[in-house]
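What the coordinates show
Listed below are the residues making up each chain.
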Amino acid sequence: MYLEPRPGIAWPSPRLRELNDAVRAVLALDDDTAVVIRQLVGGEDGHPPLETVVTVLPMDGEARRWVLHRPAEQITESELRAALLRHRQD
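What counts as what
- Residues numbered from 1 in each chain as written.
- Predicted model: local features only at pLDDT ≥ 70, side-chain atom pairs only at ≥ 80, totals over all residues.
- Heavy atoms only, no water.
- Helix = DSSP H or I, 4+ residues; strand = E, 2+ residues; numbered from the N terminus.
- Buried < 20%, exposed > 50% of the residue type's maximum accessible area, 1.4 Å probe, protein only.
- Contact = heavy atoms within 4.5 Å.
- Areas by Shrake-Rupley, 256 points an atom, 1.4 Å probe, with all protein chains shown as cover.
- Salt bridge = Lys/Arg side-chain N within 4 Å of Asp/Glu carboxyl O.

**With respect to the overall build of the chain**
- Secondary structure assignment for the chain yields two helices and three strands.
- Along the chain, from the amino end to the carboxyl end, the secondary structure elements read α-β-β-β-α.
- Put simply, the chain has 90 residues, and 29% of those count as buried.
- Look at the contacts in the chain between residues 6 or more apart in sequence, and 30% of them connect residues 24 or more apart.
- When the accessible area of the chain is evaluated, it comes to approximately 6,500 Å², of which 52% is carbon and sulfur surface.

**Thoughts on unusual backbone geometry**
- We note that Ala28 has phi near 50°; this positive angle belongs to a residue other than glycine.
- With respect to the helices and strands, Ala28 occurs in the loop between helix H1 (14–27) and strand E1 (34–41).

**As for the pattern of salt bridges**
- Enumeration according to the criterion identifies two salt bridges in this entry.
- Linking Arg15 and Glu18 is a salt bridge whose minimum nitrogen-to-oxygen distance equals 2.8 Å. Here Arg15 pairs with Glu18, and both are found in helix H1, just three residues apart, close to one helical turn.
- Overall, Arg15 belongs to the buried group, its relative accessible area being 12%.
- Residue Glu79 pairs with Arg70 through a salt bridge whose shortest N-O separation is 2.9 Å.
- Residue class for Glu79 comes out partly exposed when judged on its relative accessible area of 30%.

Given below as structure tokens:
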């Protein structure tokens, strides 16, 4: 068992944890629902080189996914809330 990250593996940043908590609060998720936030390098043409993907995986039901075309460090909670709620109404 590794107590510290293996070489080449970084711990999640505090900002990713904050965004995870914000997703849980905005969507009123239960503890059985997984939230995965990843930063991807090399977005599609015309998009920034670093984007943030938020995926919500409920135990029952379909997974939901949002792509924010900014690094996690630049996403404000109000931007996150707007993206999550806009998608929820679609």
